[in-house]
There are 2 protein chains.
Amino acid sequence: MVATYRVVDSAASLGKRAEGIAVGLTVGSWTDLPAARQDAVRAYAGRVESIQVLEDAGPGRVVADISIGYPAATFTGTFASLLTIVFGKLSMDGEIRLVDLSLPDRFASGFPGPKFGAVGVRQRTGVADRPLLMSIFKACVGRDVADLTAHFRAQAAGGADLIKDDEIFFNEDCAPPEARVPAFAEAARQVYEETGHRAHYAVNLTGPVYGLRERAKRLAELGADALLFNAIPYGLDVLRELAEDPDIQVPLLIHPATSGAIYAAPHHGMAANILLGELLRLAGGDIAIYPSPYGTVTLDRAEGLRLVDALRRPGPHRAVLPAPSAGIFPGLVPRLVEDLGVDCVVNAGGAIHGHPGGATAGAAAFRSAIAAVVAGQDLADAAQASEPLAVALEKWGRGV
Amino acid sequence: MVATYRVVDSAASLGKRAEGIAVGLTVGSWTDLPAARQDAVRAYAGRVESIQVLEDAGPGRVVADISIGYPAATFTGTFASLLTIVFGKLSMDGEIRLVDLSLPDRFASGFPGPKFGAVGVRQRTGVADRPLLMSIFKACVGRDVADLTAHFRAQAAGGADLIKDDEIFFNEDCAPPEARVPAFAEAARQVYEETGHRAHYAVNLTGPVYGLRERAKRLAELGADALLFNAIPYGLDVLRELAEDPDIQVPLLIHPATSGAIYAAPHHGMAANILLGELLRLAGGDIAIYPSPYGTVTLDRAEGLRLVDALRRPGPHRAVLPAPSAGIFPGLVPRLVEDLGVDCVVNAGGAIHGHPGGATAGAAAFRSAIAAVVAGQDLADAAQASEPLAVALEKWGRGV
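The model shown is predicted, which means the values in this text are computed figures rather than measured ones.

Residues and elements named next belong to chain B. Packing of helix α16 (residues 359-374) against helix α18 (residues 387-396) brings their axes to within 8 Å, and their N-to-C directions diverge by 95 degrees. Here α18 runs roughly perpendicular to α16, going by the angle between their axes. Packed against α16, whose contacting residues are A361, A364, A365, S368 and A369, the element α18 presents P388, L389 and A392 at the interface. Partitioned by chemical class, the residues of the contact of α16 with α18 number seven nonpolar, one polar and no charged.

Laid out in structure tokens, this is it:
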């Protein structure tokens, strides 16, 4: 297992720093142990793989990447062990950022990975060869089941494949999950009868952490098609337990809430491609929401592409569907597909609900844009046959 | 519930930004809902409490504190709901750092808080009026039970009150917790018979997240005196479940591993006083390890004092014992007590094991220093009656 750290440090002390990481994070200090015991301990020690100076950072200081190899035997297969060992103490040691994590397949295989993944989500939704459209509830809190059901129906009628709760929807005063799930399932059924399109509902999985598996099963039994999950505040080990549970047979849609506290600083924390890419896939997310490079809540474009690569590259686990989010409008769909291909989720809120024709027209505009892009048609041409798309292009313009 | 964010932003847009936070993180956009529904939703909306400009940050830009009040009804009492709502999306929104969190007692009472706290830990260890001495195992991984037991015994014989595993001790090849706990308990008993001093062992609680409660109970039954817990990678909601479980009747010693990924950047993430202070206490930690301002792994001194204040200030929960760590040697004890008072844990590893006389002398040197400080005696005077302390002062010097 190789971890790469980007440090800002004195050029002269890089070698010593690297040695300190390799030993200090694995076996601790041990050079004063008796020789026979040193041999036993050495098997668990890390090793400096490489030190690469990237650029100057003022007098005597440089930005450098330090790569450390860790013996797999040090870890026990929980994220707690992985994170504590590779970035426990070290996270507190000045300007240091975990920028890459390279796991051998043998080690990665100890983690569940996605139960459904991109292929499984496509099978369950029946959407084969185009990006899926995901629509976000707005203003969930404080609205009752009837009100939210009408809101769900409007999005479904416009052709949204997935409809997800707002991730901040924890409150259960007005519309607890056990009440809204069956109501939305019935609305989805009715819309399917009326239009032939079946929308899938991702309900926010909330509540005490040790009750989540039971609640997930109950919500799936009540008709939830997928579970939205705030995996960062609840913990990757919790996500993993959900993914590993054979009785939870619905996809896990992972929200990046609070992840910016870890990935957003330039010289600290952990890169988004590790946290929301590599680790999320190991833990078993099926769809990964992450900040798009197009909107206001942005992620560095290169880091975003590395994130998507981590979700998809060949390995022991199924590929995860990327869902770049924030600031997505129909005019951006060509750019999205250019960046990610068709194997992604177009995730929108404001540009669905803010459509002058309402949420149904908002979703329909996206579906027209998606159909056009897949058919190789220009959006302007497609808009001639789609009034909702024409209105959306008029309001939000073309993509970057 | 009032959250304060430190942002670096355009001076002109601060008001709009604050409004966006207050509404966007609670009920989402809702101004286009029908008037009757707006009233229902308004009860759950956040409110801008204050905007305070702190300093200039380049042309047109300032550093400012934005305080937002959130209605308690928005939260459901999990850390996942608290963190997702106050810093979910927002954590990804540019240069923004959560610097303060002020919870009304009524809301805080919904969290368990420490089961033992400072008072309870003192009762269990029988240490009434002086700082406790905690000693850290070194080089745990790869050593067998007999070897580690000898290591435990050496620390105990020197007078360590608490002896804790290294937080990276996950591996179970050579000395699984179920084997070492009874061995160390027996060693502690023997040392007590020989010296009258009883050391307490904090075993690292590891393994799959949904098995932690059962394992905690098993280890306590086997004789573990306390549980070391990596609460940040496992999750605060998991810590809370451990603290709330009436069958887990041993203190929880919380390690800050990986917390630097969240608190260490200047303009992102969450202040240490919130993460390792406020939230840790709500979740039920009994002893809080955090980076001391004296060593190499440092935390800003003012942030460290705010952290300790969060652990102790009057409120609905028991006070937590602070354990500033990294770079602690006997000569620092006067400074430590000056900063924190006697209600703290002196936590040391290198300056115990690196003592020329061995770990027993290393621990004894600390105990002499602690006794001197409590008696108002100068360390140099105390060293005349304590050879271990004299050697330690010679090797590491006096504190800053």
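This part covers the relation of the copies chain A and chain B. For the pair chain A and chain B, the best superposition has an RMSD of 0.0 Å and corresponds to a rotation of 180 degrees with a translation of 0.0 Å parallel to the axis. Overall, the copies show the geometry of a two-fold rotation axis. Taken together, the interface assignments show that 100% of the residues at the interface of chain A recur at the interface of chain B, consistent with an identical surface on both copies.

Let's shift gears to the sheet that holds strand β11 (residues 287-291) of chain B. Residue and element names in this part refer to chain B. Pairing is parallel across the open sheet formed by eight strands, whose spatial order is β12-β11-β9-β8-β7-β6-β5-β13. Looking along the sheet, the strands with just one partner apiece sit at the ends: β12 (321-325) and β13 (345-348). Looking at each pair of strands side by side, their axes are set apart by 25 degrees on average, direction ignored. With three bridges joining them, strand β6 (residues 162-164) and strand β7 (residues 200-204) adopt parallel strand pairing. Directly across from K164, in β7, lies its bridge partner A202. Set on the sheet, helix α10 (residues 236-244) makes contact with β8 (226-229) and β9 (252-254); between it and β9 the angle comes to about 160 degrees.

Residues and elements named next belong to chain A. All of the buried residues in helix α5 (residues 117-125) are G117, A118, G120, V121, R122 and T125. Taken together, the buried residues of α5 touch β5 (132-136), β7 (200-204), β10 (287-291) and β11 (321-325). G126, located one to two residues past α5, shows a positive phi value of around 75 degrees.

Moving on: the interface of chain A and chain B. Every contact between the two is made by 71 residues of chain A and, on the other side, 71 residues of chain B. For the chain A and chain B pair, buried surface summed over both sides reaches about 5800 Å², with 63% attributable to carbon and sulfur atoms. The interface formed by chain A and chain B holds four salt bridges in total. Here E167(B) ties to K89(A) by a salt bridge, and the two come within 3.8 Å at their closest N and O atoms. Here chain A and chain B share 16 residue pairs in polar contact (both at pLDDT 80 or more) between them.

Attention shifts here to the domain arrangement of chain A. Residue and element names in this part refer to chain A. We note that the domain assignment places domain 1 (2-102) and domain 2 (117-396) within chain A. Put simply, the middle of domain 1 and the middle of domain 2, counted by C-alpha atoms, are 37 Å apart. Counting residues at the interface gives 16 residues for domain 1 and 20 residues for domain 2. Both sides together, the interface formed by domain 1 and domain 2 hides about 1400 Å², and carbon and sulfur atoms give 58% of it. Among the residues domain 1 hides against domain 2, the three largest losses belong to F79, R97 and L101. Together they make up 48% of the total.

What counts as what
- Residues numbered from 1 in each chain as written.
- Chains lettered and ligands numbered in written order.
- Predicted model: local features only at pLDDT ≥ 70, side-chain atom pairs only at ≥ 80, totals over all residues.
- Heavy atoms only, no water.
- Axes fitted to C-alpha atoms, helices over the stretch in contact; angles between N-to-C directions.
- Helix = DSSP H or I, 4+ residues; strand = E, 2+ residues; numbered from the N terminus.
- Parallel < 35°, antiparallel > 145°, perpendicular 65-115°, else oblique.
- Contact = heavy atoms within 4.5 Å.
- Nonpolar A, V, L, I, M, F, W, Y, C, P; charged D, E, K, R; others polar.
- Least-squares fit on C-alpha atoms with pLDDT ≥ 70 in both.
- Pairing = 2+ DSSP bridges.
- Buried < 20%, exposed > 50% of the residue type's maximum accessible area, 1.4 Å probe, protein only.
- Buried area = accessible area lost by both parts, 1.4 Å probe.
- Salt bridge = Lys/Arg side-chain N within 4 Å of Asp/Glu carboxyl O.
- Polar contact = N/O pair within 3.5 Å; in protein donor to acceptor, adjacent residues only side chain to side chain.
- Domains from an automatic or database assignment.

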